[in-house]
Amino acid sequence: MNNLSVFLRRALCVAFAAFCAFFVAPQKIAFADEMRLLECVALTDGDAQGTASLYGRGQNYITELKVKVEFENYEPYEIKLDDGYSPFMGVFDFGGADGFLFCSSQTGGSGGYGNYRVYSVKTQTYGLLYDARTDSENSKFDARFEPNGFMNLTNLLTDNSLKIYLGYMPREFYALIFAPDGSVKDEQPYVNPISFVSPALNPASGLYRLCAYRSVTAVAEVNRLGYIVSALSYDGKIFKPDFTEFSITL
């Protein structure tokens, strides 16, 4: 191959690369910004059949999240959701006349927090049955360190308390909370808002309930003493706790 041929081949490659950079790349960026269908599930309202379609804009962090509800012979309407990562939508039997719509997305912030809601979806309207943020605001817990490595955790709404021995805590954090004589230093635990909610099947009833988790930390977010776990069932009007427990990792 002579020098002229080599030069022409290289020139063609450069021209093709420039073409791709100018014409192809903008098309990919535009596509990434388009509103797109993320998920679709079937709905019922008595004998009426419908669908819920989840839409959003973006590839990683999804913005303008919304659910489009369509029932046969009825005008469609939309439910606006919170933006976030990994959006999810599903229909679960919580014990209502029809399945409820569970929607979630992840905030991406430290602590692994997310947005979690449950909707009752009808032919012409919808109702919000559960919102993790509202649950966090309405639930009241108090945590206090006590001498010799203990923490007292109290549900202020029921006045029930649980005393927990913290011998499993990493030594470096334990020493920042308790003095060598067992007395408590200036540090106190902190009960975080709800960070995770998931539908969970109750095999005894065949119905789903919600499991909500909120962490208890001390000194730093990485020092998680455990999770307050609440199991909530639908009572015909709202989701109410069946039980609340404290879970740790040993």
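Look up a bit, the structure's there.
Since this is a predicted model, take the numbers as computed values, not measurements.

Asker: Whenever I open this one, the sheet that holds strand β11 (residues 160-165) confuses me. Can you help?
Answerer: Backbone hydrogen bonds hold the strands of a sheet together, and the pairing may be parallel or antiparallel. Strand order across the open sheet formed by three strands is β9-β10-β11, with antiparallel pairing between neighbours. Strand pairing shows two members of the sheet lacking a second neighbour, β9 (141-146) and β11, which therefore form its edges. In this sheet, neighbouring strand axes are inclined to one another by 20° on average, regardless of whether the strands run parallel or antiparallel. One ladder, built from six bridges, connects β9 with strand β10 (residues 150-155); its direction is antiparallel. Counted as the bridge partner of F145 is M151 from β10.

Asker: Just checking my understanding: could you explain the layout of surface pockets for this structure?
Answerer: Unfilled space is identified by rolling a water-sized probe across the atoms. As a volume, the largest pocket reaches approximately 430 Å³. In this structure, the largest pocket is lined by 23 residues; those nearest its centre are D135, S139, L232, F239 and P241. Looking at the lining of the largest pocket, the elements with two or more residues in it are β8 (126-131), α2 (132-138), β14 (220-234) and β15 (239-247). Considering each element in turn, the lining of the largest pocket owes the most residues, six residues, to β15. In this structure, the second largest pocket spans a volume of roughly 210 Å³.

Calculation notes
Residues numbered from 1 in each chain as written. Predicted model: local features only at pLDDT ≥ 70, side-chain atom pairs only at ≥ 80, totals over all residues. Heavy atoms only, no water. Pairing = 2+ DSSP bridges. Helix = DSSP H or I, 4+ residues; strand = E, 2+ residues; numbered from the N terminus. Axes fitted to C-alpha atoms, helices over the stretch in contact; angles between N-to-C directions. 1 Å grid on protein atoms, 1.4 Å probe; cavity = no way out; pocket = protein on both sides within 12 Å on 5 of 7 lines; lining within 4 Å. Points joined across faces, edges and corners; volume = space filled by probe spheres on them.

Nothing here speaks to function; it is geometry throughout.
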